[in-house]
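# Remarks on the overall topology
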Amino acid sequence: MKTRTLIAGYVLALALFLFAERHPSSSSLTGFHAVVDLTHSIDARAVVNQTNDRSSSSPEQFGTRMDAPARFARGLWTVDQIPTERLLAPLVVLDVSTNIGNSSDYQISVEDIARWEQAHNQIPLGSVVIARTGWDSRWRSVKDYRNADSQGVPHFPGYSPDAAKFLVEGRNALGLGIDTLSIDHGGSRDFPVRQYTLAHSVYELENVANLERVPAAGGMVVVAPIKLQSGSSGPVRILALVK
């Protein structure tokens with residue numbers, strides 16, 4: 001009986017040792033020391049995205065959200081079809097918050113990207129690029145966040161078409177994000193950035209939060225949209241892994 005107990009104990013210890021060898025701690029695997037949530041909570045005060053063609057108040061329109069390429073045209077990836085390897089990528093935070101000033105419709109330029117690269121080296125190919133404009137400080141006020149004029153047209157910063165084209169074609173970005181309602185600036189009427197990005201199978205992330213808590217470079221991002229079958233958009237949880 002004692003022999004059997006000793007053998008069983010040895011086998012258990014060996015199994016635990018092998019498991020530890022094959023499944024080391026996450027810190028030793030990744031080298032990251034913190035996880036930052038870049039997602040706004042969905043609650044009764046959450047802002048509804050009513051730009052573009054989104055005038056409904058369905059739950060998928062609230063909070064931090066993703067637009068999949070299928071929102072541009074049928075046959076492109078829906079939310080549930082985006083390859084999983086495109087949802088884990090290097091994170092680039094493009095901080096233009098000091099450039100906004102009184103220009104609510106500021107458009108992020110290629111020059112902004114060039115300044116980022118001068119400070120941090122070239123944007124890694126296959127990154128998710130998220131612009132920090134500082135607009136999320138208005139999140140709790142629908143009026144301030146939408147910043148609509150007397151005609152009801154919203155005004156907030158976004159990407160310029162040239163900047164989006166450079167990131168998609170020149171840096172092979174997998175996703176473009178921003179801390180406003182849309183990657184197009186609020187005064188846009190035909191939404192060229194949105195159309196171009198989605199047409200090139202690059203997903204969009206809108207209403208991103210807490211970008212001031214992550215570094216401009218060196219992090220990773222986990223993009224976890226709700227898996228809506230055949231959905232063209234929906235809520236998303238975004239987590240930044242910080243070294």
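One can find the structure itself at the top, above this paragraph.
Attention in this report is confined to the structure presented alongside it. (Residues numbered from 1 in each chain as written. Predicted model: local features only at pLDDT ≥ 70, side-chain atom pairs only at ≥ 80, totals over all residues. Heavy atoms only, no water.)

On to helix 6 (residues 161–170). When we look at burial in helix 6, the residues that qualify are A163, A164, L167 and V168. Along helix 6, the residues classed as buried sweep out an arc of 120° about the axis, all on the same side. At its buried positions, helix 6 is contacted by strand 4 (107–108), helix 4 (110–120), strand 5 (128–132), strand 6 (158–159), strand 7 (175–178) and helix 7 (192–199). Just downstream of helix 6, N172 is the residue with a positive phi angle, here 55°. (Buried < 20%, exposed > 50% of the residue type's maximum accessible area, 1.4 Å probe, protein only. Helix = DSSP H or I, 4+ residues; strand = E, 2+ residues; numbered from the N terminus. Arc of directions from axis to C-beta. Contact = heavy atoms within 4.5 Å.)

Summed over the entire model, instances satisfying the criterion amount to one aromatic pair. Ring plane angle 90° and centroid distance 5.2 Å describe the contact between W139 and Y145, whose orientation is recorded as edge-to-face. We note that W139, like Y145, is buried. For the cation-ring pair, R138 lies above W135, with the distance from its terminal atom to the ring centre recorded as 3.8 Å. (Phe/Tyr/Trp six-rings, centres within 6.5 Å; stacked < 30°, edge-to-face > 60°. Lys NZ or Arg CZ within 6 Å of the ring centre and 35° of its normal.)

Mapped onto the fold, V92 is located in strand 3 (residues 88–95). Under the relative-accessibility criterion, V92 is labelled buried at 1%. If we skip the residues at most four places from it in the chain, V92 touches W116, I123, P124, S127, V128, V129, I130 and A216.

Let us now look at the environment of G187. Tracing the sequence through the fold places G187 in the loop between strand 7 and helix 7. What makes G187 partly exposed here is its relative accessible area of 23%. G187 sits 83 residues away from S104 along the chain, and the two C-alpha atoms are 9.0 Å apart. In this structure G187 touches D105, V153, P154 and H155, once residues within four positions along its chain are discounted.

Okay, the environment of L91 next. Mapped onto the elements, L91 comes out in strand 3. On a C-alpha basis, the gap between L91 and G218 in space is 7.0 Å, while along the polypeptide they are 127 residues apart.

So, about the side chain of R171. As for its position among the elements, R171 is in the loop between helix 6 and strand 7. Residue classification places R171 among the buried positions, given a relative accessible area of 13%. Among residues more than four places away in sequence, those in contact with R171 are E117, Q122, I123, P124, L125, G126 and F166.

Below, the discussion takes up the side chain of H185. As for its position among the elements, H185 is in the loop between strand 7 and helix 7. When sequence neighbours within four positions are dropped, the list of residues in contact with H185 reads D105, Y106, Q107, F156, P157 and G158.

A regular strand carries its side chains on alternate faces of the sheet. Of the two faces of strand 9 (residues 219–225), the one lined by G219, V221, V223 and P225 is fully buried and the one lined by M220, V222 and A224 carries no buried residue. Both strand 9 and strand 10 (residues 233–242) contribute to a ladder of six bridges, which runs antiparallel. Residue pairing in the sheet places M220 in a bridge with L241 of strand 10. (Pairing = 2+ DSSP bridges.)

Moving on to the pattern of salt bridges. Two side chains with opposite charge may pair up if their charged atoms get near one another. In this structure the tally under the stated criterion is eight salt bridges. In this structure, R115 engages D112 in a salt bridge whose closest nitrogen and oxygen atoms are separated by 2.5 Å. Placement of the pair is R115 and D112 together in helix 4, with a separation of three residues, close to one helical turn. Here R115 falls in the partly exposed class, since its relative accessible area comes to 46%. Residue class for D112 comes out buried when judged on its relative accessible area of 4%. (Salt bridge = Lys/Arg side-chain N within 4 Å of Asp/Glu carboxyl O.)

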